[in-house]
Amino acid sequence: MSRFMAERYAHLEAYTPGEQPTDMKYIKLNTNESPFPPSPGVLRAISQERVRELRLYSDPDCNLLRRAIAKQFGFEKQNVFVSNGSDDILNFSFMAFCDGTKCGVAFPEISYGFYQVYADLYGVDAKKIALAEDFSIRISDYCYNDRTVVIANPNAPTGIALTREEVEQIVAANPDHVVLIDEAYVDFGGESALELVKKYDNLLVVRTFSKSYSLAGARLGFAIGHPALIADLEKIKYSTNPYNINRLTLLAGTAAIEENDYYMENCRRIIENRAYLTDSLRALGFEVLPSCANFIFAKSDQIGGEELYLALKARGILVRHFTKEKIKNYNRITIGTMEEMQILTNTVRAILAEKSER
Ligand code: PMP
């Protein structure tokens with residue numbers, strides 16, 4: 001840290017993103033990207049002519065993309081906010097809705113690690129709520145109407161999902177606070193809370209193009225909520241970086257939404273491959289949590305979490321290992337193509353066999 005860094009950030013612990021290695025080609029199952037390319041319309045949308053237009057600023061209102069998203073999900077443009085990845089929307093939401101002096105925030109103790117970082121960044125009082133023994137979220141823990149609630153549904157890194165009814169109970173029990181439901185993984189088998197947005201003015205549903213829409217590298221996320229919540233997020237955006245989505249990403253996102261069926265078919269394949277991997281790892285003695293996401297969370301009594309992560313990495317397969325005490329025996333494995341799932345299974349089998357021979 002330099003001597004110029006603001007005092008209030010001196011002890012900030014930044015988020016550690018999953019590895020994006022450039023040293024060699026891995027089977028990359030560590031950051032929940034899609035194994036499928038963007039749809040043909042996205043490739044067509046990024047023409048040379050459009051690249052030439054990069055000399056111009058992008059549309060800060062993101063009119064076409066917001067309209068396309070609104071139409072796809074049955075809302076008005078005023079219900080839709082778009083930003084540079086859903087991380088950006090979470091960041092803005094912590095700024096806008098978790099003011100330390102007014103309320104603070106509650107989120108599950110085991111969830112997306114960035115929630116804690118944003119809370120620390122803005123000095124927000126964070127109540128971290130333990131999960132049940134089976135890693136599920138106990139909804140009664142979130143029904144106190146005393147702070148902003150942030151829940152990933154399905155949760156990460158467990159993949160376990162709440163039903164729409166359970167989400168509604170939490171939203172209804174917190175009428176004076178925003179309930180942010182982070183639906184990064186909902187297209188892989190969760191129940192979306194989107195339709196509740198029409199009924200509750202305190203619900204913000206956050207989505208991303210990074211997983212089901214194969215656009216992680218484009219950096220694009222969206223949120224759907226009451227127009228007043230969206231206006232608050234716009235205010236933050238216009239107070240930080242109004243052109244925060246580049247022209248090519250706006251085109252890519254609009255084209256992707258227009259080919260929704262292509263992406264939903266890919267999600268169906270991911271769900272199939274997830275069932276295959278879950279069965280294969282269980283057959284090898286793993287405990288695999290029931291996942292509604294494009295990843296599974298698994299552990300084995302025969303090998304430690306870190307040991308398996310390192311052994312897989314040495315054999316060219318990247319998965320995600322977390323060092324937090326309660327989950328350090330697990331690995332989070334992104335669902336890829338069937339071929340990748342077969343290679344992973346065979347590699348895990350070989351690692352376990354080698355270990356038992358030693
Ligand atoms: N929410 C959750 C639960 C996530 O796992 C991720 C991906 N790491 C994000 C949000 C952020 O995704 P992005 O910024 O790529 O939209």
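Please refer to the structure placed before this passage.
Residues numbered from 1 in each chain as written. Predicted model: local features only at pLDDT ≥ 70, side-chain atom pairs only at ≥ 80, totals over all residues. Heavy atoms only, no water.

**Focus: the site of the ligand**
Move 1: The immediate surroundings of the ligand are formed by G85, S86, D87, Y112, D182, A184, Y185, T208, S210, K211 and R219.
Move 2: Y112 is positioned with one of its side-chain polar atoms (N or O) 3.3 Å from a nitrogen atom of the ligand.
Move 3: Expressed as a share of its isolated accessible area of 400 Å², the protein-covered part of the ligand is 91%.
Move 4: In terms of residue class, the shell around the ligand is made up of three nonpolar, four polar and four charged. (Near = heavy atom within 4 Å. Polar contact = N/O pair within 3.5 Å; in protein donor to acceptor, adjacent residues only side chain to side chain. Areas by Shrake-Rupley, 256 points an atom, 1.4 Å probe, with all protein chains shown as cover. Nonpolar A, V, L, I, M, F, W, Y, C, P; charged D, E, K, R; others polar.)

**A closer look at the nonpolar core**
Move 1: I69, L203 and F209 are the most contacted members of the largest nonpolar core, which has 53 residues in total.
Move 2: Per-element tally for this core: the top contributor is helix α8 (residues 247–258), with five residues.
Move 3: If we skip the residues at most four places from it in the chain, L203 touches V171, V179, I181, A193, L196, V197, I224, G225, H226 and L229.
Move 4: Listed in part, the 32 residues of the second largest apolar core include C267, I335, L344 and V348. (Core = buried A, V, L, I, M, F, W, Y, C linked by side-chain atoms within 4.5 Å. Buried < 20%, exposed > 50% of the residue type's maximum accessible area, 1.4 Å probe, protein only. Helix = DSSP H or I, 4+ residues; strand = E, 2+ residues; numbered from the N terminus. Contact = heavy atoms within 4.5 Å.)

**Quick look at helix α10 (residues 305–314)**
Move 1: Those residues of α10 that fall on the buried side of the exposure criterion are G305, L308, Y309, A311 and L312. In a view along the axis of α10, the buried residues occupy a sector of 165 degrees, so they form one face of it.
Move 2: Taken together, the buried residues of α10 touch β11 (317–318), β12 (330–334) and α11 (338–357).
Move 3: At the C-terminal side of α10, G316 shows a positive phi close to 85 degrees. (Arc of directions from axis to C-beta.)

**A short note on the side chain of T148**
Move 1: In this structure, T148 sits in strand β5 (residues 148–152).
Move 2: Since its relative accessible area comes to 2%, T148 is described here as buried.
Move 3: Within the structure, T148 has its side chain in polar contact with the backbone oxygen of F97 (distance 2.5 Å).
Move 4: Residues in contact with T148, not counting those within four places in the same chain, are F97, C98, C103, G104, V105, A106, H177 and V178.

**Some words on the sheet that holds strand β9 (residues 287–288)**
Move 1: Reading across from one edge, β9-β10-β12 is the order of the three strands in this open sheet, with antiparallel pairing throughout. Lying at the two open borders of the sheet, with one neighbouring strand each, are β9 and β12.
Move 2: Two elements, β9 and strand β10 (residues 295–299), share two bridges in a ladder whose sense is antiparallel. Residue pairing in the sheet places V288 in a bridge with A298 of β10.
Move 3: Helix α9 (residues 260–283) rests against β9, β10 and β12 of the sheet, and its axis sits at about 5 degrees to β10. (Pairing = 2+ DSSP bridges. Axes fitted to C-alpha atoms, helices over the stretch in contact; angles between N-to-C directions.)

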